[in-house]
Amino acid sequence: MSDLTARLREVGRTRYYDKHPFHVAMHAGTLSKEQLRTWVINRYYYQSIIPIKDAVILSKSAPPALEARASREFRRDWIRRIHDHDDEGGGLDQWHKLAAGVGLDVDEVASLVRVRPAVRFACDAYVSFVREHTLLEAVASSLTEFFAPDIMRARVAAWEKHYPWIDTSVLDYFRNRPEKATRDSGDALAFVLAHAKSPTDEDACVAALETKCSILWAMLDAIAREAP
């Protein structure tokens, strides 16, 4: 494992949002119905901006960021992420199913009217970060997916164990993410390792991942303050 890979993994070990008290409580089974519903409502906004963020990354891949052939190959691979979320039956549709399963009105969730301002601010900051930084940094910021597979599996087990009022058939998003996150994070890591040519580049990649972790943490801070 390269030094850069080790540094990136260390960011996840120390700063990923699974350490947040609200997330710990979720997996411990101590959240109320309203707290879980508040999380689903607000986390939906993050889900909704993921394909927008990925579209911005695609827009940054044109030469001179990448050589023409490499640019096309990058777009062909990266666009799968948008399809994963926006296609019929994809991630957003699965989140609608989750929202209904926890007793929420899907149209209201999708309207975003109940999303807290601080959650909007955190999520919008992620899109802004991707827009304002280099392609390399934008890709590096996506490497939070490195850490998602085990957490998603643990979430399914925790929800099945602790929240019997939720029909387990609505947990498709969590069940389906590990395979996709493993694929996507592997592709992103390969890109980062191939294009981080200097210590300055490597430091920028680590800082980008730290920023993304801080954004996710801030989002949970806002949700925890709102949750009754």
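Below: a short report on this structure. Fair warning: this is a prediction, and the values are worked out from it, not measured in the lab.

**Re the packing of helix α3 (residues 33-59) against helix α7 (residues 117-132)**
So, step 1. Packing of α3 against α7 leaves a shortest axis separation of 9 Å and a crossing angle of 10°. By the criterion of interaxial angle, the relationship of α3 to α7 is roughly parallel. Contact with α3, carried on its side by N42, Y45, Y46, I49, I52, K53, V56 and I57, involves V119, R120, C123, D124, Y126, V127, V130 and R131 of α7 and no other residues of that element.
So, step 2. The residue inventory of the contact of α3 with α7, partitioned by class, reads 11 nonpolar, 1 polar and 4 charged.

**What to know about the nonpolar core**
So, step 1. Among the nonpolar cores identified, the biggest contains 79 residues, and W39, V40, L98, V139, W159, F174 and V192 are the most heavily contacted of them.
So, step 2. The contact partners of V40, leaving out residues within four places of it in the chain, are W95, L98, A99, V102, L104 and W159.

**Digging into the packing of aromatic side chains**
So, step 1. Counted by the stated rule, this structure contains 13 aromatic pairs.
So, step 2. For the pair F146 and F147, a centre-to-centre distance of 5.7 Å together with 45° between the ring planes defines the contact as tilted.
So, step 3. Judged by its relative accessible area of 14%, F147 is buried.
So, step 4. Through a chain of ring-to-ring contacts, three or more aromatic side chains come together here, namely W39, W95, W159, Y163, Y173 and F174.
So, step 5. Its guanidinium or amino end placed over the ring of W78, R81 lies 3.6 Å from that ring's centre, counting from NZ or CZ.
So, step 6. R120 extends its terminal NZ or CZ atom over the ring of Y45, reaching a point 5.2 Å from the ring centre.

**A short note on the pattern of salt bridges**
So, step 1. Here the structure, examined in full by the defined rule, presents 17 salt bridges.
So, step 2. We note a salt bridge from R153 to D150, for which the minimum N-O separation is 3.2 Å. Separated by 3 residues within a single helix, R153 and D150 lie in helix α9 (residues 148-162), roughly one turn from each other.
So, step 3. When its relative accessible area of 45% is taken as the criterion, R153 is described as partly exposed.
So, step 4. When its relative accessible area of 60% is taken as the criterion, D150 is described as exposed.
So, step 5. The salt bridge partner of E160 is R175, with a shortest N-O separation of 3.0 Å. In this pair, E160 sits in helix α9 while R175 sits in helix α10 (residues 172-195), placing the two residues 15 residues apart along the sequence.
So, step 6. Among the residues examined, E160 registers a relative accessible area of 40% and is labelled partly exposed.
So, step 7. What emerges from the salt-bridge pattern is a single network uniting K97, E160, D172 and R175.

**Re the side chain of H20**
So, step 1. Looking at the element boundaries, H20 is found in the loop between α1 (3-15) and α2 (21-28).
So, step 2. Given a relative accessible area of 4%, H20 falls into the buried group.
So, step 3. Side-chain polar atoms of H20 contact the backbone nitrogen of F22, separated by 3.0 Å.
So, step 4. H20 has contacts with W217, L220, D221 and A224, leaving out every residue within four places of it along the chain.

Criteria and thresholds
- Residues numbered from 1 in each chain as written.
- Predicted model: local features only at pLDDT ≥ 70, side-chain atom pairs only at ≥ 80, totals over all residues.
- Heavy atoms only, no water.
- Axes fitted to C-alpha atoms, helices over the stretch in contact; angles between N-to-C directions.
- Helix = DSSP H or I, 4+ residues; strand = E, 2+ residues; numbered from the N terminus.
- Parallel < 35°, antiparallel > 145°, perpendicular 65-115°, else oblique.
- Contact = heavy atoms within 4.5 Å.
- Nonpolar A, V, L, I, M, F, W, Y, C, P; charged D, E, K, R; others polar.
- Core = buried A, V, L, I, M, F, W, Y, C linked by side-chain atoms within 4.5 Å.
- Buried < 20%, exposed > 50% of the residue type's maximum accessible area, 1.4 Å probe, protein only.
- Phe/Tyr/Trp six-rings, centres within 6.5 Å; stacked < 30°, edge-to-face > 60°.
- Lys NZ or Arg CZ within 6 Å of the ring centre and 35° of its normal.
- Salt bridge = Lys/Arg side-chain N within 4 Å of Asp/Glu carboxyl O.
- Polar contact = N/O pair within 3.5 Å; in protein donor to acceptor, adjacent residues only side chain to side chain.

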